[in-house]
Amino acid sequence: MKTLVIFAISIVMLSGQAIAQQITVRDSVIEKAVLQISASNIKTTVNELVALHTRHNLSTKNDPARGIGAAAQYLSNKLNGYIKNSAGRAIVEKVEYRAGGKDTRLSREITLTNVVATFKGSNKDDNRIIVLLAHYDSRADNNSDSTAFAPGANDNGSGVAALLEIARILSGMDIPVTIKLMFLSGEEHGLLGAAYMASVAKKENWNIIGVLNNDMIGNSRTSSTDVSNNTKVRVFSENIPYVESDEMKKSRVFNSSENDSKSRQLARYIKETGERYIDNMEVKLVYRNDRFGRGGDHTPFCKEGFTAVRICEYHENYDRTHQPVTVKNGIELGDMPNGVDFEYVRKNCGVNLSSLLNLSFAPSLPQNVKIDISDLSNNTKISWESPKEGKKPSAYYILIRETDKSNWERKVRINGNNIELHLSKDNYLFAVQSVDNEGHESLAVFATGGSSK
Ligand SMILES: [Zn+2]
């Protein structure tokens, strides 16, 4: 007995550090919603999309059983079926736009269709909108070939299937803010459908607080290195925003906020919330807008000044993406359903849904979040104003990290609209979130000390 005790103590001492416990509070409404996500439904959707043979942007629009027209109709039918449960809160639209022709990646000018499901927020005083994207077009290895088999099971049947599950679940829920699920065409020929929707959003001044683009969220096995892992997903976010005024640039340089764009705060939010609700899942923040030389539908939204990120599998399989369906040297090529890990898609769908719901239940952002830099002090005074619209916060969270850390390290709950911390403003970065009684927090607002003259 004595020996055992000594052994146990030495293990603790050898480990050299205390084991910190973390308090995790899950909202039962969000938890129940996430539990409704079905890997089997996701599998059915992916198989039904693949059965349409191709969803190439120039493929037929007149055949009810194949081509991009059939795909748009399939999505519209599914969504219209789900929203029957929404008591009139949701609508489904086919949004048409012109694309292609001379000097574009599409050989002729055509009309393409985005399918958009809008779940109207129940709080009339709150005009916030959260947007989820998934492109539904597909391509073969030759991107000009509009008739070849282009299954697109993972790229991007996986993202589409996840958004359809979210539509099904949202149809039975009452959400205070408006949610738009956009099923986009034109991605494989230059992000055309996303560019069109982003331009409409900008022109009509939509109050979008976050855009989550899901593109390829189902592959969990690498090509060539044969790594298999379905417990990690990437969230890509821009560093310095695409749209940055001179004023914003001055503030960034003065405040050292180059790692704190709004899109980066959204990415960190998805990590915190996704990991709060989804077991066996680590959300990896990738501090670049997208992969080398490759793009996604979040980018046109970033370019219009919106806060937008891309959610994407951690491991890619280049034998499957944009490849002909065949077997070469014993290796299966092509983007077929047997390359999709449906349990992995279910978890990634849960990362989306939990982030989306937590954000939509949260109060709006604190305003005018400022660090007092008027004197030399080893204390830091931070102040902010309550949001003007939406639900009133019951408290605020102060987020704290050292300047060389990539993610927030501490989170302190504060009543009132200011705080003095016994930490030097020169050694830490700070942000503030609004939070309600149930623990739904807003996105973080980075605290600034003004800008240089
Ligand atoms: Zn894609």
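Calculation criteria
- Residues numbered from 1 in each chain as written.
- Predicted model: local features only at pLDDT ≥ 70, side-chain atom pairs only at ≥ 80, totals over all residues.
- Heavy atoms only, no water.
- Donors = N, O, S within 2.8 Å, 3.2 Å for Na, K, Ca; no water.
- Tetrahedral: all angles 85-135°; square planar, octahedral: opposite > 155°, others 65-115°.
- Helix = DSSP H or I, 4+ residues; strand = E, 2+ residues; numbered from the N terminus.
- Buried < 20%, exposed > 50% of the residue type's maximum accessible area, 1.4 Å probe, protein only.
- Axes fitted to C-alpha atoms, helices over the stretch in contact; angles between N-to-C directions.
- Parallel < 35°, antiparallel > 145°, perpendicular 65-115°, else oblique.
- Left-handed = near helix turned anticlockwise from the far one by under 90°.
- Contact = heavy atoms within 4.5 Å.
- Nonpolar A, V, L, I, M, F, W, Y, C, P; charged D, E, K, R; others polar.
- Core = buried A, V, L, I, M, F, W, Y, C linked by side-chain atoms within 4.5 Å.
- Pairing = 2+ DSSP bridges.

Some points on the coordination of the zinc ion
The protein atoms donating to the zinc ion are His135 (NE2), Asp155 (OD), Asp215 (OD) and Asp215 (OD), with metal-donor distances spanning 2.0 to 2.7 Å. Here the zinc ion is ringed by four donor atoms whose angles at the metal span 52 to 146 degrees, and the overall shape comes out irregular. Counting residues between consecutive donors of the zinc ion along the chain gives the motif H-x19-D-x59-D. With His135 in strand β3 (residues 128–135) and Asp215 in the loop between β5 (207–214) and β6 (232–237), this residue pair connects regions lying 80 residues apart in the sequence. Taken individually, His135 and Asp215 each receive the classification buried, so the pair is uniform in this respect.

Let's talk about the packing of helix α3 (residues 39–50) against helix α5 (residues 153–170)
One way to put it is that α3 packs onto α5 with a least axis distance of 9 Å and a crossing angle of 130 degrees. Relative to α5, the element α3 lies oblique. The hand of the α3/α5 crossing is right-handed. Judged by residue contacts, Asn41, Ile42, Thr45, Val46, Leu49 and Val50 of α3 engage Ala153, Gly157, Ser158, Val160, Ala161, Leu164, Glu165 and Arg168 from α5. Across the contact of α3 with α5, the residue classes tally to eight nonpolar, four polar and two charged.

So, the nonpolar core
Grouped together as the largest cluster of nonpolar side chains are 70 residues, with contacts concentrated most on Phe119, Leu170, Leu181, Phe183, Leu353 and Leu357. Excluding residues that lie within four positions of it along the chain, Phe183 makes contacts with Leu75, Leu79, Asn114, Val115, Ala134, Tyr136, Val160, Leu163 and Leu164. Membership of the second largest hydrophobic core comes to 19 residues, among which are Ile129, Val131, Leu133 and Met182.

As for the sheet that holds strand β13 (residues 395–402)
Taken in spatial order, the four strands make up an open sheet running β14-β13-β16-β17, and their pairing is antiparallel. Each edge of the sheet is formed by a strand with only one pairing partner; in this case those strands are β14 (410–414) and β17 (445–446). Here β13 runs beside strand β16 (residues 428–435); their pairing, made up of eight bridges, is antiparallel. For Ala395, the partnering residue across the bridge sits in β16 and is Val435.

Some points on the environment of Ile414
Inspection of the secondary structure puts Ile414 in strand β14. Relative accessible area serves as the criterion here: at 8%, Ile414 is assigned to the buried category. Along the backbone, Ile414 and Glu389 are 25 residues apart, and their C-alpha atoms lie at a distance of 20 Å.

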